[in-house]
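Residue-level structural notes
Residues per chain, in single letters:
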Amino acid sequence: MPKLTIQTDKKTIEVEQNASMIDVCENIDTSILFGCRDGACGACMIRVIENPHNLSAMEEHERDFLETMAARDDERLACQCRVLGDVTVAVSE
């Protein structure tokens, strides 16, 4: 099973392959906040620390939103990510 490490919370949990990050985070105490749940508010912006290739590919609407937010290349919206393998993330500052 893939491991999701949330560096901000100093937590590592095993998750199902292809698990939605929003579903995983709803079941644990985490500092990743979710607002709209649709990739339109930016509340769940995370920084991918290790293994960005182990998250689902970024779709066009997420890419467009992150561009308008002037996000860095290592930032994603947690509500739009699925965990495909071991990955380490942190809450964006």
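One structure accompanies this document, and this report is about it. (Residues numbered from 1 in each chain as written. Predicted model: local features only at pLDDT ≥ 70, side-chain atom pairs only at ≥ 80, totals over all residues. Heavy atoms only, no water.)

Secondary structure summary: the chain contains two helices and seven strands in total. Starting at the N terminus and ending at the C terminus, the chain contains elements arranged as β-β-β-α-β-α-β-β-β. Taken over C-alpha atoms, the radius of gyration comes to 12 Å for the chain, in line with the 12 Å a tight globule of 93 residues would show. A principal-axis box enclosing the C-alpha atoms of the chain has dimensions of 35 × 25 × 20 Å. (Helix = DSSP H or I, 4+ residues; strand = E, 2+ residues; numbered from the N terminus. Rg over C-alpha atoms; globule rule 2.2 N^0.38 Å.)

Along the chain, S56 turns up in the loop between β4 (45-50) and α2 (60-68). Of the residues examined, S56 reaches a relative accessible area of 15% and is grouped as buried. Not counting the four nearest positions on each side in its chain, S56 is found in contact with R76, Q80, C81, R82 and L84. (Buried < 20%, exposed > 50% of the residue type's maximum accessible area, 1.4 Å probe, protein only. Contact = heavy atoms within 4.5 Å.)

Spatial strand order, β2-β1-β7-β4-β5: five strands in an open sheet with mixed pairing. Only two strands of the sheet have a single partner each, and these edge strands are β2 (11-14) and β5 (75-77). Here the strands of the sheet are splayed against their neighbours by 35° on average, with no regard to which way each runs. α2 contacts β4 and β5 of the sheet and is inclined by roughly 125° relative to β5. (Pairing = 2+ DSSP bridges. Axes fitted to C-alpha atoms, helices over the stretch in contact; angles between N-to-C directions.)

This part is about the environment of T30. Along the polypeptide, T30 turns up in the loop between α1 (21-26) and β4. Spatially, the C-alpha atoms of T30 and K11 are 8.6 Å apart, while their sequence positions differ by 19 residues. Dropping the residues within four chain positions of it, T30 is found in contact with I6, D9, K11 and C25. At 2.8 Å, the side chain of T30 forms a polar contact with the side chain of D9. A distance of 3.3 Å separates the side chain of T30 from the backbone nitrogen of I32, its partner in a polar contact. (Polar contact = N/O pair within 3.5 Å; in protein donor to acceptor, adjacent residues only side chain to side chain.)

This paragraph deals with α2. Along α2, the positions that sit buried rather than exposed are E62, F65 and L66. Viewed end-on, α2 has its buried residues packed into an arc of 95°, placing them on one side of the element. Turned more than 90 degrees off the buried face of α2, the exposed positions are E60, E67 and T68. Positioned one or two residues after α2, A70 has a phi angle of 55°, which is positive. (Arc of directions from axis to C-beta.)

A word on the environment of E26. Along the polypeptide, E26 turns up in helix α1. Its relative accessible area of 47% is what places E26 among the partly exposed residues. A polar side-chain atom of E26 sits 2.5 Å from a polar atom in the side chain of R37.

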